[in-house]
Amino acid sequence: YGRPVVKEPEWTWEVPWYLFAGGTAGAASALGAAARWAGHDRLADAAALVGAAGAVAGPALLASDLGRPRRFLNMLRVLKPTSAMSVGSWILAAYSGAAAGATGLRLAGRFPRLRMVLEGGAGLLGLPMATYTGVLLASTSIPVWREARADLPRLFAASAAATGGAAVAALVPAEHAAPARRLAIAGAAAEGLLAAAMPRRLGELGRHYGEGRAGRFATAAKACTAGGAALLAVGGRRRPVAVTGAGLLLAGGVCLRWSVFRAGFQSAADPLDTTHRAPGSRPRP
């Protein structure tokens with residue numbers, strides 16, 4: 001009778017910011033580990049700072065959304081491999097400890113060997129940090145998220161590469177930022193392709209990315225990401241241009257997460273998404 005079939009998500013505004021912070025930090029840590037191995041210490045130090053910032057902000061945002069920090073700790077009592085939430089909680093806890101610990105030891109100038117181990121661990125854990133949130137959304141009953149289970153992890157990984165590379169490129173002089181710029185530009189290109197393909201594969205469900213608040217965020221994300229990548233590609237060797245381009249890429253990453261977030265609410269509110277429009281559903285006569 002026109003009433004929603006599934007409930008809207010109970011997540012609050014902290015969640016899309018957590019999706020952005022976690023992805024950006026994870027990609028930055030992976031970049032930092034590779035830079036350290038290649039001898040680009042200036043770049044690796046900046047990437048470690050970005051990773052540590054995300055490692056602090058991510059759990060804080062998640063705990064704020066849960067209402068009480070103890071609820072996050074309760075999720076660590078068991079490890080359930082079949083639960084995206086359980087696995088993601090352990091990834092977040094392990095990554096945050098490694099990234100924050102490595103930066104803390106570097107600032108204190110203590111235990112260099114342990115710091116190297118923690119940086120390497122943060123680099124490895126940064127890869128699932130950039131993707132698991134897409135798996136988490138796709139594991140829900142929200143049609144527009146569930147039916148994009150093959151697309152959301154790849155889209156979030158591409159966006160994380162763009163924002164992680166941009167954040168690092170904005171913190172170091174242009175002559176040291178070439179690897180970060182390349183990562184940001186490649187991530188932005190992949191994000192643009194995936195963001196255009198996902199709504200088409202979703203069929204009728206994909207209309208949410210062109211309507212309402214989700215549509216406005218999606219349009220802003222495309223404009224900011226394309227503009228930021230262009231600036232980094234054309235004038236990235238000049239610091240003011242690089243900082244501006246990086247800022248646009250970061251804004252595009254935020255808007256992308258908000259677009260996906262709001263699309264879920266719009267999809268949950270439309271009963272036809274569940275009964276008629278979702279691929280594989282059987283319309284009733």
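For the structure itself, consult the block above.
Now for a description of the structure that goes with this document.

Reading the values: the criteria
- Residues numbered from 1 in each chain as written.
- Predicted model: local features only at pLDDT ≥ 70, side-chain atom pairs only at ≥ 80, totals over all residues.
- Heavy atoms only, no water.
- Helix = DSSP H or I, 4+ residues; strand = E, 2+ residues; numbered from the N terminus.
- Axes fitted to C-alpha atoms, helices over the stretch in contact; angles between N-to-C directions.
- Parallel < 35°, antiparallel > 145°, perpendicular 65-115°, else oblique.
- Left-handed = near helix turned anticlockwise from the far one by under 90°.
- Contact = heavy atoms within 4.5 Å.
- Nonpolar A, V, L, I, M, F, W, Y, C, P; charged D, E, K, R; others polar.
- Buried < 20%, exposed > 50% of the residue type's maximum accessible area, 1.4 Å probe, protein only.
- Core = buried A, V, L, I, M, F, W, Y, C linked by side-chain atoms within 4.5 Å.

Let's talk about unusual backbone geometry
Thought 1: We note that Phe-111 has phi near 45°; this positive angle belongs to a residue other than glycine.
Thought 2: Checked against the element boundaries, Phe-111 lands in the loop between α4 (84–108) and α5 (112–129).

A few points about the packing of helix α8 (residues 152–171) against helix α11 (residues 239–269)
Thought 1: α11 packs onto α8 with a crossing angle of 150° between their chain directions and a minimal axis gap of 8 Å. Comparing the axis directions of α8 and α11 gives the class roughly antiparallel. Between α8 and α11 lies a crossing of left-handed hand. For the pair formed by α8 and α11, the contact residues are Leu-152, Leu-155, Phe-156, Ser-159, Ala-160, Ala-162, Thr-163, Ala-166, Ala-167, Ala-169, Ala-170 and Leu-171 on the first element and Arg-239, Val-243, Ala-246, Leu-249, Leu-250, Gly-253, Leu-256, Arg-257 and Val-260 on the second.
Thought 2: Here the residues of the contact of α8 with α11 sort into 16 nonpolar, three polar and two charged.

A few points about the side chain of Ser-29
Thought 1: Within the element layout of this structure, Ser-29 appears in helix α1 (residues 14–38).
Thought 2: Overall, the relative accessible area of 8% leaves Ser-29 in the buried class.

Considerations on the nonpolar core
Thought 1: Core analysis: the biggest nonpolar cluster contains 46 residues, and Val-144 and Leu-152 have the highest contact counts within it.
Thought 2: Looking at which element gives the most residues to this core, the answer is α11, with nine residues.
Thought 3: If sequence neighbours within four positions are ignored, Val-144 has contacts with Leu-202, Leu-205, His-208, Tyr-209, Ala-263, Gly-264 and Ser-267.
Thought 4: Counting 14 residues, the second-largest nonpolar core is a separate cluster that includes Ala-35, Leu-43, Ala-169 and Val-172.

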